[in-house]
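# Architecture and fold: a report
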2 protein chains.
Amino acid sequence: MSTAHTPAGPRPVKAPTGATLHCKNWLIEAAYRMIQNNLDPAVAENPDALVVYGGIGKAARNWDCFEQILASLRSLGEEETLLVQSGKPVGVFRTHADAPRVLIANSNLVPHWATWEHFNELDRQGLMMYGQMTAGSWIYIGTQGIVQGTYETFAEAGRQHYSSPSPAEYGGRSPEGTAPGLGRPGAQAPAPAPLEGRWILTAGLGGMGGAQPLAATFAGACSLNIECQQSRIDFRLKTRYVDEQAADLDDALARIAKYTAEKKAISIALLGNAAEILPELVRRVKAGSAPRPDIVTDQTSAHDLINGYLPAGWTVEQWKAAAADPAQHADLKAAAARGCAVHVQAMLDFQALGIPTVDYGNNIRQVAFDQGVKNAFDFPGFVPAYVRPQFCEGRGPFRWVALSGDPEDIRKTDAKIKELFPEETRVHRWLDMAGERIAFQGLPARICWLGLGQRHRAGLAFNEMVKSGELKGPIVIGRDHLDCGSVASPNRETEAMKDGSDAVSDWPLLNALLNTAGGATWVSLHHGGGVGMGFSQHSGVVIVADGTDAAAQRLSRVLWNDPATGVMRHADAGYDIAQRCAREQGLNLPMLNKD
Amino acid sequence: MSTAHTPAGPRPVKAPTGATLHCKNWLIEAAYRMIQNNLDPAVAENPDALVVYGGIGKAARNWDCFEQILASLRSLGEEETLLVQSGKPVGVFRTHADAPRVLIANSNLVPHWATWEHFNELDRQGLMMYGQMTAGSWIYIGTQGIVQGTYETFAEAGRQHYSSPSPAEYGGRSPEGTAPGLGRPGAQAPAPAPLEGRWILTAGLGGMGGAQPLAATFAGACSLNIECQQSRIDFRLKTRYVDEQAADLDDALARIAKYTAEKKAISIALLGNAAEILPELVRRVKAGSAPRPDIVTDQTSAHDLINGYLPAGWTVEQWKAAAADPAQHADLKAAAARGCAVHVQAMLDFQALGIPTVDYGNNIRQVAFDQGVKNAFDFPGFVPAYVRPQFCEGRGPFRWVALSGDPEDIRKTDAKIKELFPEETRVHRWLDMAGERIAFQGLPARICWLGLGQRHRAGLAFNEMVKSGELKGPIVIGRDHLDCGSVASPNRETEAMKDGSDAVSDWPLLNALLNTAGGATWVSLHHGGGVGMGFSQHSGVVIVADGTDAAAQRLSRVLWNDPATGVMRHADAGYDIAQRCAREQGLNLPMLNKD
Ligand SMILES: NC(=O)c1ccc[n+]([C@@H]2O[C@H](COP(=O)([O-])OP(=O)(O)OC[C@H]3O[C@@H](n4cnc5c(N)ncnc54)[C@H](O)[C@@H]3O)[C@@H](O)[C@H]2O)c1
Ligand SMILES: NC(=O)c1ccc[n+]([C@@H]2O[C@H](COP(=O)([O-])OP(=O)(O)OC[C@H]3O[C@@H](n4cnc5c(N)ncnc54)[C@H](O)[C@@H]3O)[C@@H](O)[C@H]2O)c1
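As a convention, each chain's residues are numbered from 1 in the sequence order in which they are written. Lettering for chains starts from A, numbering for ligands starts from 1, and both go in the order in which the items are written. Residues qualify for local features only when their pLDDT is at least 70, as the model is predicted, and side-chain atom pairs are given and counted only at 80 or more; totals for whole chains, interfaces and linings, by contrast, use all residues. Only hydrogens and water are set aside; all other atoms, that is, all heavy atoms of the structure, feed into the side-chain values.

Which entries qualify depends on this criterion: UniProt positions are given in the numbering used here, feature names are shortened, and annotations may be inferred rather than shown by experiment.
An unreviewed UniProt entry annotates chain A as Urocanate hydratase originating from Ideonella oryzae. Here chain A is described in UniProt, under the heading Catalytic activity (unreviewed entry), as follows: "4-imidazolone-5-propanoate = trans-urocanate + H2O". Within the UniProt record for chain A, the comment given under Pathway (unreviewed entry) is "Amino-acid degradation; L-histidine degradation into L-glutamate; N-formimidoyl-L-glutamate from L-histidine: step 2/3."

See below:
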């Protein structure tokens with residue numbers, strides 16, 4: 001019955017552009033283009049291995065599965081739904097026109113078995129795939145996606161710790177419900193950036209970490225970015241995300257001293273191992289022989305101790321060889337974990353010197369804690385510190401992509417956002433800077449943080465622009481899984497929730513079910529993104545504005561409901577901002593409304 | 001703004017019956033009646049505590065939440081969806097007429113925190129609820145639900161081990177794809193039951209375990225049922241699920257000897273602790289002073305070491321007091337675990353004597369293994385042994401409930417099933433026996449195992465009967481979470497999968513998303529059902545046949561897709577029966593179809 005099958009292999013992938021459909025409608029075509037866009041060499045970290053970003057975050061399980069996903073989408077009916085299980089197309093079923101066209105579950109394991117060991121075993125056997133967040137759910141838009149989030153984080157850190165008028169105001173809200181400097185910095189805009197003449201110390205210039213130098217520059221700060229792979233530095237120099245590379249630590253510190261004195265927001269890359277350089281820097285700062293950093297953080301991939309973190313004393317070649325050889329994994333993991341412990345100890349030392357220090361969601365504190373660094377969690381995660389107040393209003397990483405492939409479409413949507421939300425001056429500044437400095441990777445795309453009550457208006461406006469022909473093609477709208485209502489991740493997004501519900505993952509599951517019910521175009525449920533196996537559950541949503549009235553109906557539901565689940569989740573946890581927002585926006589939250 | 005709120009408290013609950021709607025349509029009314037039916041004193045194990053079955057499996061988080069769920073359903077719009085998070089109504093959102101009216105997520109925890117300790121802590125704080133399977137998803141139908149499954153299991157065990165012609169045939173399929181004796185016993189029906197004159201040894205007469213004596217009788221066997229709570233024995237005597245209670249072990253064994261000799265299939269309850277009685281029985285059997293059991297299993301709630309298992313040497317009063325006092329939980333857990341180890345050792349001893357021994361899905365082997373019983377997993381789970389071949393064809397615990405409250409409606413549907421599926425003689429026998437011996441609890445309901453290609457035909461036929469007025473009211477159709485495509489539970493439903501994918505939980509998540517997309521009436525995602533926190537993830541689905549054409553559309557999608565995901569999952573794992581079934585039924589499974 002079956003003929004010999006030659007397995008498919010790596011090939012250069014690029015999303016189609018223009019007005020010609022390869023699938024039965026634009027909803028299906030969107031999935032078809034976006035999975036390919038995720039693997040565009042201009043977008044993906046390692047397209048031959050199907051790796052999009054974040055260590056081993058993949059778009060499809062293997063090349064056979066990838067080709068078959070494309071084939072299944074090409075033949076998918078307008079009332080059918082494709083199921084994807086950890087990057088493999090496993091079934092096509094009859095649903096209806098208002099149902100998602102693709103439903104995805106990636107990397108999910110029954111909790112007791114939800115470890116890297118078990119996952120890697122299944123992965124080796126071809127039974128699983130690590131989907132990270134937007135890799136396996138086909139809405140990664142390259143490093144831009146993270147620049148906005150990192151910018152918001154750094155800017156808010158600067159405002160809290162270094163702005164002259166009211167650093168104590170953090171977390172408070174004005175009577176009108178607007179946070180000073182938090183997403184709506186109107187009043188502060190003309191003041192000099194609080195980080196002017198200051199510098200940020202960090203490591204990791206990978207898929208997400210590579211956004212740090214540019215975000216620091218946008219926020220007005222210098223930055224020293226330690227990265228152990230020259231190829232990663234080269235990539236960031238080439239795309240202008242980082243400005244200069246220093247020859248060694250002395251050279252780097254000299255440049256930092258010079259540029260901070262000159263108040264020039266210049267970013268510097270330094271080749272080396274953070275687990276070796278940070279302790280050395282602590283010594284020098286204590287000795288007064290090096291300038292004090294003003295903010296310390298880290299974006300190595302400590303969440304993945306096989307593929308993500310170079311152990312102290314190892315060469316990159318040793319590391320890669322060990323990662324490729326299962327027999328060496330135990331040694332590699334142990335060595336990487338020891339490195340993380342040293343690294344975190346240095347961060348704690350900086351904190352003890354009074355320098356704001358923050359974990360950037362890579363699970364490095366947990367690794368160090370498991371290694372015996374008992375106070376590893378003394379410094380906070382970036383979410384409770386700087387992001388959660390925005391989540392309480394349903395704000396988060398809203399993003400969209402022009403399926404036409406025409407950058408002009410994005411420029412028009414940028415203008416539309418400014419027109420729709422004249423009061424959002426921080427968003428305006430972001431859009432202006434992004435338009436200038438951020439090179440598109442793959443299909444033209446834009447991200448900006450919008451909240452409940454804004455996202456659906458943006459989606460409906462885009463849909464109108466597609467309908468009227470103002471745009472050359474439909475717009476795909478999505479978000480990161482790191483959003484207000486879509487993730488349970490106790491070491492990151494849901495760290496230190498007010499009511500202690502950090503680990504309750506009913507919320508992202510409800511988010512995915514509701515987005516499916518509302519008629520999103522594709523919906524995904526993932527495990528282990530960002531912080532690794534066992535430590536998170538999260539959901540993704542993507543919806544297409546194809547200019548039809550049916551799409552408008554779906555957009556008005558999904559882009560309202562999705563951020564609303566975030567407000568709901570935070571209101572349920574007892575956050576005032578969220579409860580106020582829920583009331584203002586008229587959410588029906590039965591247990592809150594009944595009193 | 002808020003007035004003082006008196007918390008709601010326990011009250012007797014009973015589902016409304018008859019033709020009067022309390023909600024905007026029958027879909028919503030169905031949820032409204034079914035949650036109340038779950039708490040009917042005739043249905044629930046402990047209605048005052050909102051406990052439906054299975055230790056602490058609840059229908060709502062607390063009485064306030066319960067009343068507010070009812071209120072929310074009464075006011076729910078026909079295009080709205082209520083979200084329920086671990087038994088609490090948390091939000092009402094706009095969806096559309098073909099979307100589910102309720103979406104439920106119960107007891108889900110991020111894997112690293114998915115333990116009883118963490119759950120109990122959250123439960124105490126009022127942040128969580130244990131939903132078991134059909135308790136928190138409002139489709140429990142009392143002990144009948146489990147009688148059918150237990151009957152299938154015992155009958156199949158008898159066929160495998162004690163039928164004269166072809167005990168070796170188990171798992172094999174005839175060329176036509178039908179299994180001898182597996183769900184389609186046609187040929188064997190006239191032969192004497194293989195368990196005639198034989199007896200089953202088991203323990204636990206709780207919500208599910210209480211089905212064992214009746215199921216054994218249906219399968220032609222005597223049974224000895226050890227239960228430590230007299231109240232549980234009384235309940236089963238009263239409902240005629242168990243025939244007699246023995247005074248002590250000697251009396252019990254004398255009765256067994258008598259009835260097996262007389263080939264009378266009589267069930268005997270014995271008050272006592274299985275962890276004490278089983279080792280004693282092993283001693284006596286070895287000494288030749290007691291009759292050998294022919295099958296050994298167990299249905300104590302070993303999955304819940306606080307509320308589910310009486311430690312050896314403890315009184316029930318001690319146990320209940322310790323369970324109610326968090327300070328004693330550590331001691332109680334340790335003692336219960338020690339009891340389980342002794343209990344499992346006795347089961348292993350029976351197995352060593354050549355007696356078929358099987359775990360009935362209560363995680364007792366894992367507990368014993370963790371206690372150091374290294375060969376605890378030497379005896380198999382009941383699923384790979386007796387159930388999986390049926391799952392490969394999408395067969396599983398299909399059930400339905402008459403919203404009218406009229407038993408006549410169920411009698412008519414029983415007849416309809418026999419008419420629709422004349423070849424299913426095993427189903428016919430079940431329906432006849434059930435009609436005779438099984439007393440309805442709460443709303444009249446029926447269960448029978450049907451497979452892919454049968455379930456949607458049954459659903460559509462029921463819908464026609466509602467439409468024509470043949471039935472007095474709509475029919476609610478659902479299933480257990482223990483079904484072919486809806487669960488990942490490596491110690492039970494997905495134990496020892498052919499490809500090793502036991503712990504992959506992408507499958508139940510996809511099942512829930514697809515059922516949501518297809519237009520089920522309510523859909524749920526649970527964690528920890530049956531085998532406890534950390535050990536399972538599973539999904540539930542319920543759909544209403546209200547006699548409308550729209551319902552017919554939804555039924556034809558959902559009742560096809562739902563079992564089809566089971567065939568898909570087992571075909572993907574490499575089971576021949578499932579791959580053949582997928583081909584015969586024309587499923588579109590991209591990676592299988594492409595060769
Ligand atoms: N959304 C978020 O919450 C968020 C945002 C940004 C980053 N993060 C987390 O930060 C981490 C980085 O993400 P990424 O996508 O950039 O990962 P990545 O794997 O693409 O990049 C990690 C980089 O760190 C470098 N590196 C590893 N060990 C090093 C060491 N000892 N010294 C110096 N450099 C080292 C690697 O060479 C690599 O370039 C991840 O754990 C991610 O989850 C989370
Ligand atoms: N669908 C399935 O896979 C399936 C089917 C049946 C049972 N089970 C499992 O079997 C277990 C029982 O389920 P249930 O709903 O009947 O639970 P339950 O808690 O209602 O009943 C358990 C019974 O065991 C008794 N018991 C506890 N410890 C005992 C001891 N040491 N000796 C004698 N009796 C003891 C209790 O008094 C109680 O009546 C659960 O773990 C359940 O998950 C699973």
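## Overview of the overall build of chain A
Quick reminder of the rule: Secondary structure elements are defined from DSSP: runs of H or I of at least 4 residues count as helices, runs of E of at least 2 residues count as strands, and each element is numbered from the N terminus. The reference for a compact globule is 2.2 Å times residues^0.38; the radius of gyration itself is calculated from the C-alpha atoms. Accessible area is worked out with a 1.4 Å probe on protein chains only. A residue is then buried under 20% of its type maximum, exposed over 50%, and partly exposed in between. Each accessible area is a Shrake-Rupley result for a 1.4 Å probe, and residues are judged covered by the shown protein chains and nothing else. A residue counts as positive if it is Lys or Arg and as negative if it is Asp or Glu; His and the chain ends are not included. Every charge is mapped to an atom, namely NZ of Lys, CZ of Arg, CG of Asp or CD of Glu.
Helix and strand content of chain A: 19 helices and 16 strands. Here the C-alpha radius of gyration of chain A, 23 Å, is about what a compact globule of 595 residues would show, namely 25 Å. Dimensions of chain A, computed from C-alpha atoms along their principal axes, come out at roughly 70 × 65 × 50 Å. Counting all 595 residues of chain A, 67% fall into the buried class. Accessible surface, chain A as shown: approximately 18,200 Å² in total, 52% of it carbon and sulfur. Charged side chains of chain A number 56 positive and 64 negative; the gap between the two group centres comes to 2 Å.

## Description of the pairing of strand E5 (residues 102-106) of chain A
Residue and element names in this part refer to chain A. We apply this condition: Strand pairing requires that DSSP identify at least two bridges connecting the strands.
The element E5 is largely enclosed, with a buried count of five among its five residues. The side-chain alternation of E5 yields two buried faces, one formed by Val102, Ile104 and Asn106 and the other by Leu103 and Ala105. Direction of pairing for E5 relative to strand E15 (residues 522-527): parallel, over a ladder of five bridges. Pairing of Val102 across the sheet is with Trp522, part of E15.

## Some remarks on the site of ligand 1
All names here are of chain A. Spelled out, the test is: Distances are taken per atom, and a residue is near a molecule or strand as soon as one of its heavy atoms is within 4 Å of it. Between N or O atoms, a polar contact is any pair within 3.5 Å; within protein, one atom must be a potential hydrogen donor and the other a potential acceptor, and residues adjacent in sequence are included only when both atoms are from side chains. Asp, Glu, Lys and Arg are counted as charged, while Ala, Val, Leu, Ile, Met, Phe, Trp, Tyr, Cys and Pro are counted as nonpolar; the rest, among them Gly, fall into the polar class.
Neighbouring ligand 1 are 29 residues, the closest being Glu227, Gln299, Ser301, His303 and Arg492. A distance of 3.4 Å separates a nitrogen atom of ligand 1 from a polar atom in the backbone of Tyr360. Side-chain polar atom of Arg492 to an oxygen atom of ligand 1: 2.9 Å apart, as the coordinates give it. Surface burial for ligand 1 is 98%, taken as the share of its 860 Å² of free accessible area covered by protein chains. The class makeup of the residues in the shell around ligand 1 is nine nonpolar, 17 polar and three charged.

## Re helix H10 (residues 329-352) of chain B
Definition in use: In a helix, the anticipated span is given by 1.5 Å times the number of residues less one.
An ideal rise of 1.5 Å per residue puts 34 Å on 24 residues; H10 of chain B measures up with 34 Å between its terminal C-alpha atoms. Trailing H10 of chain B by a residue or two, Gly354 of chain B shows a phi angle of about 90°, which is positive.

## Here we look at the UniProt feature "active site" (unreviewed entry) in chain A
Residue and element names in this part refer to chain A. The criterion, for reference: Working rule for contacts: check all heavy atoms of both residues, and any pair within 4.5 Å makes them a contact.
As annotated in UniProt, the feature "active site" (unreviewed entry) corresponds to Cys448 in the numbering used here. Looking at where Cys448 falls in the secondary structure, it is placed in strand E12 (residues 445-450). Not counting the four nearest positions on each side in its chain, Cys448 is found in contact with Gln148, Gly396, Pro397, Phe398, Trp400, Ile417, Val427, Trp430 and Leu431.

## Describing the relation of the copies chain B and chain A
Formally: Our superposition of the copies is a least-squares fit, built on the C-alpha atoms of residues whose pLDDT is at least 70 in both.
Mapping chain B onto chain A calls for a screw motion: a turn of 180° about the axis and a shift of 0.0 Å along it, with 0.0 Å RMSD after fitting. Such values leave the two copies arranged in the relation of a two-fold axis. The rotation axis passes nearest to the C-alpha of Pro111 of chain B in chain B, at a distance of 2.0 Å. A share of 99% of interface residues in chain B that are also interface residues in chain A marks the association as one of identical surfaces.

## Re the sheet that holds strand E10 (residues 295-296) of chain B
Residues and elements named next belong to chain B. The criterion, for reference: Angles shown run from 0 to 180 degrees and are taken between the N-to-C directions of axes, each axis being a line fitted to C-alpha atoms and, for helices, limited to the stretch in contact.
What the five strands build is an open sheet, ordered E8-E9-E7-E6-E10; its pairing is parallel. Both edges of this open sheet fall to strand E8 (244-246) and E10, since each of them pairs with a single strand only. Where E8 meets strand E9 (residues 267-271), three bridges bridge the pair, whose relative direction is parallel. Within E9, the position partnered with Glu244 by the bridge is Ile268. On top of the sheet, helix H7 (residues 249-261) reaches strand E6 (199-203), strand E7 (222-227), E8 and E9; it is set at about 165° to E7, its chief contact.

## Topic: the environment of Glu470 of chain B
Residue and element names in this part refer to chain B. Examined against the element boundaries, Glu470 turns out to sit in the loop between helix H15 (455-468) and strand E13 (475-479). Taking relative accessible area as the criterion, Glu470 reaches 38% and is therefore assigned partly exposed. Placed 57 residues apart in sequence, Glu470 and Thr413 show a C-alpha to C-alpha distance of 10.0 Å. Ignoring sequence-local partners within four residues, the contact set of Glu470 consists of Lys412 and Met465.

## Re the pairing of strand E16 (residues 537-545) of chain B
Residue and element names in this part refer to chain B. Among the nine residues in E16, nine count as buried, and that is most of the element. Of the two faces of E16, the one holding Gln537, Ser539, Val541, Ile543 and Ala545 and the one holding His538, Gly540, Val542 and Val544 are both buried throughout. Of the pairings in the sheet, the one linking E13 to E16 comprises four bridges and is antiparallel in character. Looking across to E16, one finds that Ile477 is bridged to Ile543. Strand direction decides the pairing type here: strand E14 (residues 487-488) and E16, joined by two bridges, are antiparallel. Bridge pairing links Ala488 to Gln537 in E16. By the bridge criterion, six bridges tie strand E15 (residues 522-527) to E16 in an arrangement that is antiparallel. Its bridge partner lying in E16, Val523 is registered against Val541.

## Notes on the interface of chain B and chain A
Stated precisely, the cut-off is as follows: Defined here as a combined quantity, buried area equals the accessible surface (1.4 Å probe) lost by two parts on assembly, summed across both. The working definition used for a salt bridge is a side-chain nitrogen of Lys or Arg within 4 Å of a carboxyl oxygen of Asp or Glu.
In this assembly, 83 residues from chain B lie in contact with 82 residues from chain A. The largest per-residue losses of area from chain B upon contact with chain A belong to Phe93, Leu513 and Met591 of chain B, which jointly make up 10% of the total buried on that side. Applying the counting rule to chain B against chain A returns two salt bridges. Linking Lys88 of chain A and Asp572 of chain B is a salt bridge whose minimum nitrogen-to-oxygen distance equals 2.7 Å. For the pair chain B and chain A, the interface holds 26 residue pairs in polar contact (both at pLDDT 80 or more). By residue number, the principal contributor to the side of chain B that touches chain A is helix H16 (residues 506-518) of chain B, which donates 10 residues. When grouped by side-chain class, the residues that make up the side of chain B that touches chain A number 41 nonpolar, 31 polar and 11 charged.

## Observations concerning the UniProt feature "domain: Urocanase Rossmann-like" (unreviewed entry) in chain A
Residue and element names in this part refer to chain A. Mapped onto this numbering, the UniProt entry gives "domain: Urocanase Rossmann-like" (unreviewed entry) at residues 142-163 and 193-386. Counting secondary structure, residues 142-163 comes out at 86% helix and 0% strand; the distance between its end C-alpha atoms is 31 Å. Between the C-alpha atoms that bound residues 193-386 there is a distance of 17 Å. The span itself is 45% helix and 11% strand.

## A look at the site of ligand 2
All names here are of chain B. To keep it simple, the criterion reads: Where each domain starts and ends follows an automatic or database-derived domain assignment.
Within the structure, ligand 2 sits among 30 residues, and Glu227, Gln299, Ser301, His303 and Arg492 are positioned closest to it. In this structure, an oxygen atom belonging to ligand 2 sits 3.1 Å away from a main-chain N or O atom of Gly530. Expressed as a share of its isolated accessible area of 850 Å², the protein-covered part of ligand 2 is 98%. Partitioned by chemical class, the residues of the shell around ligand 2 number 10 nonpolar, 17 polar and three charged. Residue assignment places the shell around ligand 2 across two domains, with domain 1 (144-387) and domain 2 (390-593) each supplying three or more.

## Considering the pattern of salt bridges
Using the criterion set out here, one finds 63 salt bridges over all chains in the structure. When the shortest N-O distance is used, the salt bridge between Asp98 of chain B and Arg554 of chain B registers 2.8 Å. Of this pair, Asp98 of chain B sits in the loop between strand E4 (88-94) and strand E5 (102-106) while Arg554 of chain B is found in helix H17 (residues 549-572), placing the two residues 456 residues apart along the sequence. Note on Asp98 of chain B: relative accessible area 25%, which makes it partly exposed. Using a relative accessible area of 6% as the deciding quantity, one classes Arg554 of chain B as buried. Among the charged side chains, a salt-bridge network with shared partners connects Asp250, Glu280, Arg283 and Arg284 of chain A.

## As for the sheet that holds strand E8 (residues 244-246) of chain A
Residue and element names in this part refer to chain A. Within the open sheet, the five strands sit side by side as E8-E9-E7-E6-E10. Their pairing is parallel. The strands lining the two open edges of the sheet, one partner per strand, are E8 and strand E10 (295-296). Relative to strand E7 (residues 222-227), strand E6 (residues 199-203) is paired through five bridges, and the arrangement is parallel. Looking across to E7, one finds that Ile200 is bridged to Ser223.

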